[in-house]
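Close look at the chain arrangement
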Amino acid sequence: MLTLKDFQREEQPNWCPTCGNFGIILSVKKALMELNVPQEETVLVSGVGCFAKLPYWIKAYGFVGLHGRSLPVAQGVKLANSKLKVIAFGGDGDGYGEGGNHFIHACRRNVNIAYFVHNNGVFGLTTGQYSPTSKKGTKSKSSPSGSEEMPVNPLALAIASGAKFVARAYSGDPKGLVEIMKKAIEYEGFAFVDIMQSCITFGKEHDYFKDKIYHLDDSYDASDKVKAMGKALDYEETERFALGIIYQEL
Ligand SMILES: Cc1ncc(C[n+]2csc(CCOP(=O)(O)OP(=O)(O)O)c2C)c(N)n1
Ligand SMILES: [Mg+2]
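Remember, predicted model here, so these are calculated numbers, not experimental data. Numbers given for residues are sequential positions, taken from 1 along each chain in its written order. Ligands are numbered from 1 and chains lettered from A, in the order in which they are written. In keeping with the predicted nature of the model, local features appear solely for residues at pLDDT of at least 70, side-chain atom pairs appear and are counted solely at 80 or more, and the whole-chain, interface and lining totals rest on all residues. Here the side-chain values reflect all heavy atoms present in the structure, with hydrogen atoms and water set aside.

**Points about the coordination of the magnesium ion (ligand 2)**
- The donor set comprises N, O and S atoms within 2.8 Å of the metal, extended to 3.2 Å for Na, K and Ca; water molecules are omitted, so apparent gaps in a site may simply reflect that omission. The magnesium ion (ligand 2) binds to the protein through Asp-92 (OD), Asn-120 (OD1) and Val-122 (O); the donor distances cover 2.1 to 2.2 Å.
- Spacing between the donor residues of the magnesium ion (ligand 2) along the chain follows D-x27-N-x1-V. A residue pair is termed long-range when its members are at least 10 positions apart, and Asp-92 in helix H3 (residues 92–98) and Val-122 in strand S5 (residues 122–123) qualify at 30 residues.
- When accessible area is computed with a 1.4 Å probe and restricted to protein chains, residues below 20% of their type maximum are described as buried, those above 50% as exposed, and intermediate ones as partly exposed. What makes Val-122 buried here is its relative accessible area of 6%. Numbering of helices and strands starts at the N terminus; helices are DSSP runs of H or I of at least 4 residues and strands are runs of E of at least 2.

Listed below in structure tokens is the structure:
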């Protein structure tokens, strides 16, 4: 049996203290531990951004590639050796901006990998420009008068692009996050999880999501694509964020 210590490296993460990335990295380790995935069969692939350093700090195989390009690398790894468990990581800038095109086609292509996007609504590593998921009107150093564009809705985009496993999680909900990660890792196909987090230095305050999240319960039918699309879209009106599997094709 694996323990958390097995995934521990000597180097320590240099993320800002209390960054949501700490909750995400711990959840990845727990999910791999609980699923008992051998480290030598695990490949973590990322791009560029604060989030993208995650593979540095987990003892498994890893590849830190180019900005927005974790998906093509991860799909290539899986196609080259289908025995491997491959997890790709993205940021909201990396995955929905620079890598947006790869995202659409990974949803359609359905290669058996998990894709976890650290969605903090900001370009964190480059010190706080607005990102594809920043709300319209966001003031930042690159948009002093407020951003002009409508934000991307990642879940709606994934469903519309043909993804068969689409989920939302929150970095401050470790129990729920581990459960969703496990389901995504085990899913036979492309499994996408948008993970909301605050960027405490350049973005939303630490507990911004605390009162806005709720968990989907058993009465929610994740196999109904039209309803799932409605659920994916509804936070734009309500500012309430449903956590769980939003859409899963049966
Ligand atoms: C092709 C390319 N464009 C731009 C950059 C500069 N760049 C590096 S990190 C980054 C922002 C990353 O933001 P995000 O993906 O949201 O990750 P975060 O830092 O917020 O975790 C940008 C624009 C780059 N490295 N490569
Ligand atoms: Mg970001």
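**Some points on the site of ligand 1**
- We call a residue near a molecule or strand as soon as one heavy atom of that residue lies within 4 Å of the molecule or strand. If you check the shell around ligand 1, you find 16 residues, and the closest are Cys-50, Asp-92, Asp-94, Gly-124 and Leu-125.
- Here a polar contact means two N or O atoms within 3.5 Å. Within protein one must be a hydrogen donor candidate and the other an acceptor candidate, and residues neighboring in sequence count only if both atoms are side-chain atoms. At 2.8 Å from an oxygen atom of ligand 1 is found a main-chain nitrogen or oxygen belonging to Cys-50.
- Those elements giving two or more residues to the shell around ligand 1 turn out to be H3 and S5.
- The dominant element in the shell around ligand 1, judged by the number of residues it contributes, is H3, at 4 residues.
- Lys, Arg, Asp and Glu make up the charged group, whereas Ala, Val, Leu, Ile, Met, Phe, Trp, Tyr, Cys and Pro make up the nonpolar group; the residues left over, Gly among them, are polar. When its residues are assigned to classes, the shell around ligand 1 shows 6 nonpolar, 7 polar and 3 charged.

**Digging into the packing of helix H1 (residues 21–35) against helix H6 (residues 174–186)**
- For helices, the fitted line uses only the C-alpha atoms of the stretch in contact; every axis is such a line through C-alpha atoms, and the angle between N-to-C directions lies from 0 to 180 degrees. For the pair H1 and H6, interaxial distance at closest approach is 9 Å and the crossing angle is 55°. The orientation of H1 relative to H6 falls into the category oblique. Our pair here, H1 against H6, has a crossing hand that is right-handed. Judged by residue contacts, Gly-23, Ile-24, Ser-27, Val-28, Lys-30, Ala-31, Leu-32, Glu-34 and Leu-35 of H1 engage Pro-174, Leu-177, Val-178, Glu-179, Met-181, Lys-182, Ile-185 and Glu-186 from H6. Each angle is binned into one of four classes, with values under 35 degrees roughly parallel, values over 145 roughly antiparallel, values of 65 to 115 roughly perpendicular, and all other values oblique. For any pair of crossing helices, the crossing counts as left-handed if the nearer helix is rotated counterclockwise from the farther one by less than a right angle, and right-handed if it is rotated clockwise. Throughout, a contact is declared for two residues whenever any of their heavy atoms are within 4.5 Å.

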